[in-house]
Amino acid sequence: MEYRRMGKSGLQLSALSFGSWVTFARQTDDNINDRLMSIAYENGVNFFDNAEVYSAGKSEEMMGRILKKKGWDRSSFVLSSKAFFGWKGEDKKPNQHGLSRKHLMEACDEALQRLQVEYLDLYYCHRADKNVPIEEVVRTMNTLIQQGKIFYWGTSEWSAAEIMEAHMIARELGLEGPAVEQPEYNLFNRRKMESEFLSIFNNIGMGSTIWSPLASGLLTGKYNSGVPDGSRMSLEGYEWLKDRALLDDKVLRVKQLGAFAQELGVSLPTLSIAWCIQNPNVTTAILGATKESQLVENFKAFEVLSVLTEEVREKIDDIMGTKPDV
Ligand code: NDP
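Only a predicted model underlies this, so the values are computations on that prediction, with no experimental measurement involved.

## Digging into the overall build of the protein chain
Then, in step 1: The helix and strand tally for the protein chain stands at 13 helices and 10 strands.
Then, in step 2: Against the 2.2 N^0.38 benchmark of 20 Å for 326 residues, the protein chain shows a C-alpha radius of gyration of 19 Å, consistent with a compact globule.
Then, in step 3: Oriented by its inertia axes, the alpha-carbon framework of the protein chain measures out at about 55 × 45 × 35 Å.
Then, in step 4: Per-residue burial for the protein chain yields a buried fraction of 43% across its 326 residues.

Structure representation (structure tokens):
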């Protein structure tokens, strides 16, 4: 496993990490989660990602049970959660979501209880909140740091302008700005990581924990000829994801990329994941999995890094047509 510094912070994250979105509670039970987290940990993964909204709090409870059962040294892994969406579903009241001081403080305590830990290493604002001044967010995250409940704070899917505003305010107040952003990054979605955030990577030293490196499985080729039973795109409630992902043009490009991977003698999932982590601005790519075999396969991405020469990357750019104009 390779470990990378999270931006200019002193925290080291494994270049591949593991998260529980969609999978925990919805597709996997405690037994499978135990196996998945164990395989991850044994392969050197030191970062586990979660959020209040994942399976309405059940995902944190499940991860907390596994961590407790495993008894891994707390100092050997980094644990995160995120607040914004709330976990009470459609019934949520006005202050049970968003980034107000009230929700962030309460949500953090709830995450700690569900995960059965004394602190979170990383705590994210899961989205920006137009209804809360960024100064309130900066001050609240710093309060949580001072209380020892979180060690670093970050953002997820914030714009570069919003992240910079948080940094300016933090600097003015002598407080900690966000150390890390969690954006989507994969061969279909490159703009933020390769264009919008460049000046923040260069000038601030922000880390990134990127999500959906396989575009929810699309970049494995598993949807090339339909939707396999039990796969993410087959799940009730995720039609929006299927409608967004399974467009003819996207599937066609995945087929072409798959043929190129075959020419290179590597598997499509490992090529797609290796492509993400070859970007030096990626601190870690968060993997998702429903089966042990998927994780085992995906960890082979490290062996594929050497295949990604400039020529190969250019060919991938031509196939995908998603390289942003910087
Ligand atoms: P991926 O894009 O890697 O998708 C993972 C899914 O793809 C698996 O659950 C599995 O789904 C399928 N898959 C994975 N490997 C293989 C393989 N080798 N062969 C076949 N199928 C495979 O990542 P996720 O979308 O799961 O995101 C990873 C993590 O990122 C999340 O758990 C979460 O922690 C974080 N995240 C954060 C977000 C944010 O807003 N901050 C948003 C989304 C995710 P299946 O078996 O069901 O087909």
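## A few points about the environment of glutamate 52
Then, in step 1: The topology assignment puts glutamate 52 in the loop between strand S4 (47–49) and helix H2 (58–70).
Then, in step 2: The class for glutamate 52 is buried, based on 25 C-beta atoms found within 10 Å.
Then, in step 3: Here the alpha-carbon distance between glutamate 52 and proline 324, two residues 272 residues apart in the chain, equals 32 Å.
Then, in step 4: Glutamate 52 has contacts with Gly57, Glu60, Ser81, Lys82, Ala83, Phe85, Gly86, Trp87, Ala107, Glu110 and Ala111, leaving out every residue within four places of it along the chain.

## Regarding the packing of H2 against helix H3 (residues 101–115)
Then, in step 1: As a packed pair, H2 and H3 sit with axes 7 Å apart at the nearest point and diverge in direction by 45°. In terms of axis orientation, H2 runs oblique to H3. Every residue of H3 that contacts H2 at Glu60, Glu61, Met63 and Gly64 is listed here: Ala111, Arg114 and Leu115.
Then, in step 2: Among the residues making up the contact of H2 with H3, the classes are represented as 3 nonpolar, 1 polar and 3 charged.

## A short note on the sheet that holds strand S5 (residues 78–83)
Then, in step 1: Sheet architecture is closed into a barrel: 8 strands sit in the order S3-S4-S5-S6-S7-S8-S9-S10, paired in parallel fashion.
Then, in step 2: Of the strand pairs in this sheet, S5 and strand S6 (residues 120–125) are connected by 4 bridges, and their pairing is parallel. Bridging across to S6, serine 81 finds its partner in tyrosine 123.
Then, in step 3: Against the sheet, H3 contacts S5, S6 and strand S7 (150–155), and its axis sits at roughly 140° relative to S5.

Cut-offs applied
Residues numbered from 1 in each chain as written. Predicted model: local features only at pLDDT ≥ 70, side-chain atom pairs only at ≥ 80, totals over all residues. Helix = DSSP H or I, 4+ residues; strand = E, 2+ residues; numbered from the N terminus. Rg over C-alpha atoms; globule rule 2.2 N^0.38 Å. Buried ≥ 20, exposed ≤ 12 C-beta atoms within 10 Å, placed from the backbone. Contact = placed C-beta atoms within 7 Å. Axes fitted to C-alpha atoms, helices over the stretch in contact; angles between N-to-C directions. Parallel < 35°, antiparallel > 145°, perpendicular 65-115°, else oblique. Nonpolar A, V, L, I, M, F, W, Y, C, P; charged D, E, K, R; others polar. Pairing = 2+ DSSP bridges.

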